[in-house]
Amino acid sequence: MAVEEQRAGSRVSRPEIRLVRRGFTDPAKAVRLLDGPGLEGLADDPVLLDALGATADPDLALLGLARLLEAADEADRHTLRDTLTTSKPLRDRLLGVLGVSTALGDHLARHPHDWHELVTFELRDMHPGPADFRRALAEGVEAGRDHGPENALRAAYRRCLLAIAARDLTGTTDLAQTAAELADLAGATLQTALGLAAEQDPEAAAACRLAVIGMGKCGGRELNYVSDVDVIFVAEPREGVEEHTAVQAATRLAAALTRLCSDTTGEGTIWPVDANLRPEGRNGPLVRTLASHLAYYQRWAKTWEFQALLKARPVAGDAELGAAYVEALAPLVWQAAARDNFVADVQQMRRRVIDSIPAPELDRQLKLGPGGLRDVEFSVQLLQLVHGRTDPALRSGNTLEALAALSRGGYVGRADAVSLDTAYRFLRSLEHRIQLYRLRRTHLMPTAEEDLRRLARSLSTLINDDTRSDPVAALQREWKRHAVEVRRLHEKLFYRPLLDAVAELPPGAAGLTPEAARARLEALGYADPAAALRHISALASGVSRKAAIQRTLLPVLLGWFAESADPDAGLLNFRQVSDALGRTPWYLRLLRDESAAAEQLARVLSAGRLAPDLLLRAPEAVAMLGDPQGLVPRGRAGLQAEILAAVGRAGSTAAAVAAARSVRRRELFRTAAADVLGRLGEDPAEALDVAGEALTALNAATLQGALRACTVGWEAEHGDLPTRIAVIAMGRFGGHELGYGSDADVLFVHEPLLGSLEQEAARAAQAVCNELRTLLGAPSTEPPLLVDADLRPEGRSGPLVRTLASYAAYYRRWSHAWESQALLRAEPVAGDAELGTRFRQLIDPLRYPGAGVPERDLVEIRRIKARIEAERLPRGADPTTHTKIGRGGLADVEWTVQLLQLRHGHEVPGLRTTRTRAALTAAVGAGLVEPADAEVLEAAWVLASRVRSAVMLVRGRPGDSFPGEARELAGVARYLGYGAGHSGELVDDYRRTTRRARAVVDRLFYGA
C-alpha cells in the first residue's frame, strides 16, 4: 500500500483509495462531498478527480467547489457543471484557485456568479492594465449600488483579484506580471475610491486637485496579494481657492479614500491604506502641497525617506500633479547618496530591521529576516542610489527591473544577478502563496504540515527537488538554499566598500566628462592631467561591459591614487594591469565585488615601482588582493615544497630555475603588497621582522630549488654528483633581516662522498654552484637573485666552494678578526642539512671565542670600521642620511652588537643568534647594555632598515640614501607614515634618531 494510503488509514473503501492516490488526505470527507448536493454524478468522473488531485490541496479544492455549486442557483449550477467537464482551461483556473485560497473560495460562495470571471477573461492572451481594472471596478460599483457602493467596490476588487490569482496559479503570468497587475489593480481601486469620496463630498472635490502617489511595492509595480498600500497625498488649490481651504478639502477626500479601502465592515477590508511614509510620518499632516513637500525634503528629510521615494509613482487622482511631484523630487532622490554617512545609514537601517524581529520569528521571516526579500531589495536600492546619480538606466522603482539594469551596467555580476533574480522570484512566489490562503498580510513561513504541503505542491515548478515523495522537505530545502544565497550576495553587495567610496565622490565626479575629469584631476594633484585623461579614455570608452565597470571604478580609483605621492604612476600602472587582464573575466569582477580589493590595488599601484613592476610581469597576482589570506606571507616549508615541485616538472635546468624564480617573483609581490598596505603588523619593528623573515624564507627556498635543479642537470650529463653541497647564508640573509634589494650573501661548502676523488668532487661542486649563481642572476622577466659569495675565505681570489676540511684548515691558520665577525650571522639555509650543521659546529668556536676578543683583534675591528666610514661612503653622499654606513646607520648598530657577541657570546647564550635585535635584547638582559642605550640603537636600526625598504619599494631599485627626487622622497615618507608635504620631517627625524644612536656607538664600540 502506498504511503498516502497508509496515512489515510488501512481500512478504506475502494473509492477512498482512488482519492488517496490522487493526493486527498481526508478521503472519507471527500467521498461525502462528492455524494452531496451539486456534485451528484461527478464522483466517478476521472477527469474531474484528476484535476482535483493536481491542485495544491485537493481537499480544499473539493470543499470550495462543493460550496460554490451549493450556493449557485440551479441554472448556473448546471452551466458550471457542464463547463467543468468540458472546458479544461476553466477547470484548471477554478480548481487551481480553490486548491490554494480558502479566502477566494469564501468569496465565490458569497458571489457564486463570479466564477464566470474566469471564463470571460482570455487569460493566455490578455494582461489587463490600469484602464481595464478601472473599467471593471466602475462596472462593479455601478451594478452593486443598491447594496452600497463601498461593498460593491470591495466585491468588484475581489472579483478582479480572483482573475489575477487564476492567471498566476495556472502559469499564464509570471511573478513580475502578477505583481504588476496587483499594483495596477491597487491604483485602479484607489482611483475608484477617490471617485466615490468625491461623490460623497463634491464641495471638497471642487476645491482642490489631489494626487495619490504610490510608494513601496505599489509604486514599484510589484505588489503582494495582501499588503498595506503605501501612499503619499499631494494637493494643490483649484483656481480661486485659498491654499489652506484646498488642503483641508484634500484631507477630507484622502481620509474618505482611506476609509473606503481600509474599513472592515460588509465585504471586509480591501487592504489598509498607509500614509506613514509622508513627511513627518503619522505626526505630519495627511496632505501637503507640492511646495510643502519639496521644502521638507530639501531641509529635513532623513536618508531612509529618499530611499522610499525611489519607488514613488503617481497611481491615482490628478495625473498632472502626480507627475509634477515625481519630477520635482527625483533630483533629490538621486543626490541623496552624496549625504554624509549615506551608505552607513542605509546599512545601519537594515541591521535595525533585523534586530527588531522577535526571536521566535527570525527563522520564519520571508520578508525581513536574513536571506529574505528585504536583503535583495536593500541591496538593489543601495546600488541604485549610489550609482544612479550618473546612470539614469538604473532609476527604476521595480526591484527586478533595477536588478537587470544593474547587471547590464556591470554594477552586479551576471551570475550574481541571475541568482538574486531567481531567489527573489521564488521568495516572492512563496510569500504570495502564503498570503493567498486566507488573504491575510503575513510574511511568516507556516509550521503546520498541511500548510507546508499545500505550499510545496503549489510551487512545484519552482522547486528543483522532486516534490512527489516528500514535498515538505523539498520546499524547506529550496527555501533555505535561496535564503543562504541571498544572504551571501547581500553581504557581498550591500557591504561592498566601493559603495562608500562612490557615494563620497563630490557631485559630478562620477560622470567622467572630459571637462569635469580634467578639473578633478588637476584638483587631485595629477602632474599630467592630459596623459591621465588619455588613460581614462582608453579604459572607460565604449559600450562594452568592461568599459561600464571601469566607469564605475575609475572615479573612486582616481581619488585613491591621489592619496599617494605619485597618482600619475598609479593610474598608468592601473591601465597597464587592466590592459593585461582586461579579457580575464574575474579581474574587473574582483575589483567591483570583493572586499576592499579595488582600494588595495590602487594603494599598491601608486605606492612605488617595485610592487607594480612585479605585478605587471604576472598580473594574475591581482587575485591575491581578493583573498582574505592572500597577503599573508608564506612559510619556508610551503614555499620550498612548491618550488621543488615546479623544479621537478621542468624539462631543463634553465627552465627549472626559471620556475623557481617565477614563484619567487610572485611571493615578492605578496610580501611587498602586504608591506605597502600595512598588513605585516601594526608596530614598525614587528612589520620589519615579518618582512625580513618572509624574504629570508623565500630566498632560502629559491636557493634550495635552484640547487636541486643544477644538481639534477649535472647528473643528467655526468652521472651521480660525487659530493654533498650545503649553502650557508651570511650577512643580513643569515640574520633573517633581508630587505627587498638585498643580495643573497652565502658561502658554499661541500664534502666528497665516500670513494670519490676530492679533485673530481671539487670540480663538480664548482660547476653546480657556478651554474646556480648564473641562472639565478641571469637577465629575465623575473627579478634576479644575486648570489654573492665574496665573504668566503680569500674573498674573490679564493675558490667558490671549499670542503669542510678546507674551511677548518683556513680558519685555524689564516682567519682574521673580521671573518669571525662575519661568521656571527652564518646560518645553513639550503643543501645538505647535516653538512650545514657540521659547518655551524665548526665555526661556533671562532665566532664565540672562549677567551673573548684579544686586544689586537679589538683594535683591528675598530680600525676596519673607521676605514669603512672614511673610504666607502659614496662620493657626494651625506653621512647623516646614508642608511648603511652613515652616522648612526645600520653598520654602526650592527658592528656594535657584533662586538658584544664576539666578546661575550661564549658566556651569554642569548648572544648566540644571527639576529641583530635579538642579540641586542640579550645584551640588555645580561647587563652589557643599558636599556636606554639599547632603545636608541634599536630605533635607529629599525628606522634605517625601513628607509632602505621604502627606497626599494618606491624606486624599484636599491639605495642606501634618501631619494633626491621630490616625488620619490614623498613616496618614502608616505610609506613611513608621514603625510603629504611632510617629507622634510622624515629627514629631520632620521637625522635626530641616528645622531643619538651615534653617540651610543661612540661609547660602546669605540670606547669614547
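Residues numbered from 1 in each chain as written. Predicted model: local features only at pLDDT ≥ 70, side-chain atom pairs only at ≥ 80, totals over all residues. Heavy atoms only, no water.

Engineer: Would you explain the overall build of the protein in this entry?
Structural biologist: A tally of regular secondary structure across the protein gives 46 helices and ten strands. Computed over the C-alpha atoms, the radius of gyration of the protein is 41 Å, more than 25% above the 30 Å expected from 2.2 N^0.38 for a compact globule of 1008 residues. Dimensions along the principal axes, computed over C-alpha positions, put the protein at roughly 125 × 80 × 50 Å. Buried positions account for 56% of the 1008 residues belonging to the protein. For the protein, the proportion of contacts with a sequence separation of at least 24, taken over those separated by at least 6, is 73%. Of the roughly 41900 Å² of accessible surface on the protein, a fraction of 50% belongs to carbon and sulfur atoms. Measuring between centres, the 125 positive side-chain charges of the protein sit 4 Å from its 132 negative side-chain charges. (Helix = DSSP H or I, 4+ residues; strand = E, 2+ residues; numbered from the N terminus. Rg over C-alpha atoms; globule rule 2.2 N^0.38 Å. Buried < 20%, exposed > 50% of the residue type's maximum accessible area, 1.4 Å probe, protein only. Contact = heavy atoms within 4.5 Å. Areas by Shrake-Rupley, 256 points an atom, 1.4 Å probe, with all protein chains shown as cover. Lys, Arg positive; Asp, Glu negative; His and termini not counted. Charge placed at Lys NZ, Arg CZ, Asp CG, Glu CD.)

Engineer: Would you mind showing me how to read the pattern of salt bridges here?
Structural biologist: Any two side chains of opposite charge can pair, so long as their charged atoms come close to each other. With the rule as written, the count across this model stands at 68 salt bridges. When the shortest N-O distance is used, the salt bridge between Asp613 and Arg609 registers 4.0 Å. Through salt bridges with shared partners, a single ionic network connects Arg634, Glu642, Arg666, Glu667 and Arg670. (Salt bridge = Lys/Arg side-chain N within 4 Å of Asp/Glu carboxyl O.)

Engineer: I would appreciate a short explanation of the layout of surface pockets in the present structure.
Structural biologist: One way to see where empty space is left: roll a probe the size of a water molecule over the atoms. Its boundaries defined by the atoms lining it, the largest pocket holds a volume of some 1500 Å³. The set of elements that each furnish at least two residues to the lining of the largest pocket consists of helix H35 (684-718), helix H36 (731-734), helix H39 (817-823), helix H41 (855-871), helix H42 (890-904), helix H43 (916-925) and helix H44 (931-955). The leading source of residues in the lining of the largest pocket is H35, at six residues. Grouping the amino acids of the lining of the largest pocket by side-chain chemistry returns 18 nonpolar, 13 polar and 18 charged. (1 Å grid on protein atoms, 1.4 Å probe; cavity = no way out; pocket = protein on both sides within 12 Å on 5 of 7 lines; lining within 4 Å. Points joined across faces, edges and corners; volume = space filled by probe spheres on them. Nonpolar A, V, L, I, M, F, W, Y, C, P; charged D, E, K, R; others polar.)

Engineer: Hey, could you run me through the packing of aromatic side chains in this one?
Structural biologist: Aromatic rings in a pair are described by how distant their centres are and how their planes are angled relative to each other. Evaluation of the coordinates by the stated rule reveals eleven aromatic pairs. Ring geometry for Trp895 and Phe1005: centres 6.4 Å apart, planes at 75°, overall edge-to-face. Here the residue Trp895 occupies a position in helix H42, and Phe1005 occupies one in the segment after helix H46 (983-1004), the gap between them amounting to 110 residues. The same class applies to Trp895 as to Phe1005, namely buried. When the centroid spacing of 4.9 Å and the interplanar angle of 85° are considered together, the rings of Phe1005 and Tyr1006 count as edge-to-face. According to the relative accessible area criterion, Phe1005 is buried, its value standing at 0%. Chaining the aromatic ring pairs together yields one cluster made of Tyr807, Tyr810, Tyr811 and Phe839. The ring of Tyr437 has Arg454 lying over it, and the distance from NZ or CZ to the ring centre is 3.6 Å. Over the ring of Trp479 we find Lys480; its NZ or CZ atom is 4.0 Å from the centre of that ring. (Phe/Tyr/Trp six-rings, centres within 6.5 Å; stacked < 30°, edge-to-face > 60°. Lys NZ or Arg CZ within 6 Å of the ring centre and 35° of its normal.)

Engineer: What exactly am I supposed to notice about the state of the cysteines here?
Structural biologist: Put plainly, two cysteines are in a disulfide when a covalent bond ties their sulfur atoms together. Tallying each qualifying case throughout the model produces zero disulfides. In this model Cys208 remains outside any disulfide bridge; the closest cysteine sulfur is found in Cys261, 17 Å from its own. Free of any disulfide, Cys769 has its nearest neighbouring cysteine sulfur in Cys710, separated by 8.5 Å. Cys769 sits in the buried class, given a relative accessible area of 0%. (Disulfide = S-S within 2.5 Å.)

Engineer: Hey, could you run me through the nonpolar core in this one?
Structural biologist: The nonpolar side chains of a soluble globular protein tend to be buried, and buried together. In this structure, Phe574, Leu703 and Phe748 are the most contacted members of the largest nonpolar core, which totals 144 residues. Leave out the neighbours within four places in its chain, and Leu703 touches Val727, Phe733, Val746, Leu772, Leu776, Leu785, Val787 and Ala830. (Core = buried A, V, L, I, M, F, W, Y, C linked by side-chain atoms within 4.5 Å.)

Engineer: Explain helix H31 (residues 597-605) here, please?
Structural biologist: Residues lying three or four places apart along an α-helix face the same way, a consequence of the helix completing one turn every 3.6 residues. With seven of its nine residues buried, H31 lies for the most part within the structure. Ala597, Ala598, Gln600, Leu601, Ala602, Val604 and Leu605 are the residues of H31 that are buried. Residues of H31 that are buried make contact with helix H28 (545-562), helix H29 (567-581), helix H30 (585-593), helix H32 (610-617) and helix H34 (653-676).

Engineer: Please clarify how the pairing of strand S2 (residues 229-237) should be interpreted in this entry.
Structural biologist: Taken residue by residue, a regular strand's side chains alternate between the two faces of the sheet. Within S2, seven of the nine residues are buried, leaving the element largely enclosed by the surrounding structure. Summarising the sheet, strand S1 (residues 208-214) and S2 pair through seven bridges and their orientation is antiparallel. Residue Gly214 lies in a different strand from S2, and its bridge partner there is Val231. In this structure, S2 lies alongside strand S3 (residues 273-274), joined through two bridges in parallel fashion. (Pairing = 2+ DSSP bridges.)

Engineer: Got a minute to help me understand the side chain of Arg278 in this structure?
Structural biologist: Tracing the chain through its elements places Arg278 in the loop between S3 and strand S4 (287-289). Notably, Arg278 is buried but unbridged: the nearest opposite-charge side chain belongs to Asp274, and the N-O separation is 6.1 Å.

Engineer: When you look at the environment of Arg773 in this model, what are you seeing that I'm missing?
Structural biologist: Structurally, Arg773 is set in helix H37 (residues 758-777). Each C-alpha atom, one on Arg773 and one on His78, is 101 Å from the other, the two residues being 695 residues apart in sequence. Here the side chain of Arg773 touches Val787 through a polar contact of 3.0 Å, landing on its backbone oxygen. (Polar contact = N/O pair within 3.5 Å; in protein donor to acceptor, adjacent residues only side chain to side chain.)

Engineer: How should the environment of Ile536 be read in this particular structure?
Structural biologist: Tracing the backbone shows Ile536 in helix H27 (residues 529-540). Relative accessible area serves as the criterion here: at 6%, Ile536 is assigned to the buried category. Expressed as a C-alpha distance, the spacing of Ile536 and Gly777, which sit 241 residues apart in the sequence, is 37 Å.

Engineer: Sorry if this is basic, but what is going on with the confidence of the model for the protein here?
Structural biologist: In low-pLDDT regions, the fine details of the predicted coordinates are not to be read closely. Overall, the prediction assigns the protein a mean pLDDT of 90, with 95% of residues at 70 or greater. Between residues 1-10, whose pLDDT stays under 50, and residues either more than four places distant or in other chains, the model counts nine contacts. (pLDDT = per-residue confidence, 0-100.)

Engineer: I keep staring at helix H15 (residues 243-262) and nothing clicks. Help me out?
Structural biologist: Here H15 contains 20 residues, and its C-alpha end-to-end distance of 28 Å stays within 8% of the 28 Å for a straight helix at 1.5 Å per residue. Of all the residues in H15, the buried ones are Ala246, Val247, Ala249, Ala250, Leu253, Ala254, Ala256, Leu257, Leu260 and Cys261. (Expected span 1.5 Å × (residues − 1).)

Engineer: Could you clarify how one ought to interpret the packing of H34 against H35 in this entry?
Structural biologist: Axis angle and axis distance: for two packed helices, these are the angle between their axes and the distance between the axes, and together they describe the pair. Two elements in contact, H34 and H35, have axes whose closest approach is 9 Å; the angle formed by their N-to-C orientations is 175°. Overall, the two elements H34 and H35 adopt an arrangement that is roughly antiparallel. Across from Thr653, Ala656, Val657, Ala660, Arg664, Glu667, Leu668, Thr671 and Asp675 in H34, the residues of H35 making contact are Ala691, Ala694, Leu695, Leu698, Asn699, Thr702, Ala706, Ala709, Cys710 and Gly713. When grouped by side-chain class, the residues that make up the contact of H34 with H35 number eleven nonpolar, five polar and three charged. (Axes fitted to C-alpha atoms, helices over the stretch in contact; angles between N-to-C directions. Parallel < 35°, antiparallel > 145°, perpendicular 65-115°, else oblique.)

Engineer: Just checking my understanding: could you explain the packing of H30 against H31 for this structure?
Structural biologist: Where H30 contacts H31, the two axes come as close as 6 Å, and the packing angle between them is 100°. As summarised for this structure, H30 and H31 are arranged roughly perpendicular, according to the angle between their axes. Contacts between H30 and H31 pair Tyr587, Leu590 and Leu591 from the former with Ala597, Ala598 and Leu601 from the latter. Taken together, the residues of the contact of H30 with H31 break down into six nonpolar, no polar and no charged.

Engineer: Where do I start with the side chain of Thr653 in this structure?
Structural biologist: With respect to the helices and strands, the residue Thr653 is situated in helix H34. Among the residues examined, Thr653 registers a relative accessible area of 16% and is labelled buried. When neighbours within four sequence positions are excluded, Thr653 is seen to be in contact with Ala709, Cys710, Gly713, Glu771 and Leu775.

Engineer: Is there a simple way to explain unusual backbone geometry in this structure?
Structural biologist: You will see that Arg221, though not glycine, has its phi angle at about 55°, which is positive. Structurally, Arg221 is set in the loop between helix H14 (216-219) and S2. Positive phi values are uncommon outside glycine, yet His736 reaches one of about 60°. Within the secondary structure, His736 is located in the loop between H36 and strand S7 (744-752).

Engineer: It is not clear to me how the environment of Arg313 should be interpreted in this structure. Could you clarify?
Structural biologist: Considering the arrangement of structural elements, one finds Arg313 in strand S5 (residues 313-317). Polar side-chain contacts of Arg313 include one of 2.7 Å to the backbone oxygen of Cys218.

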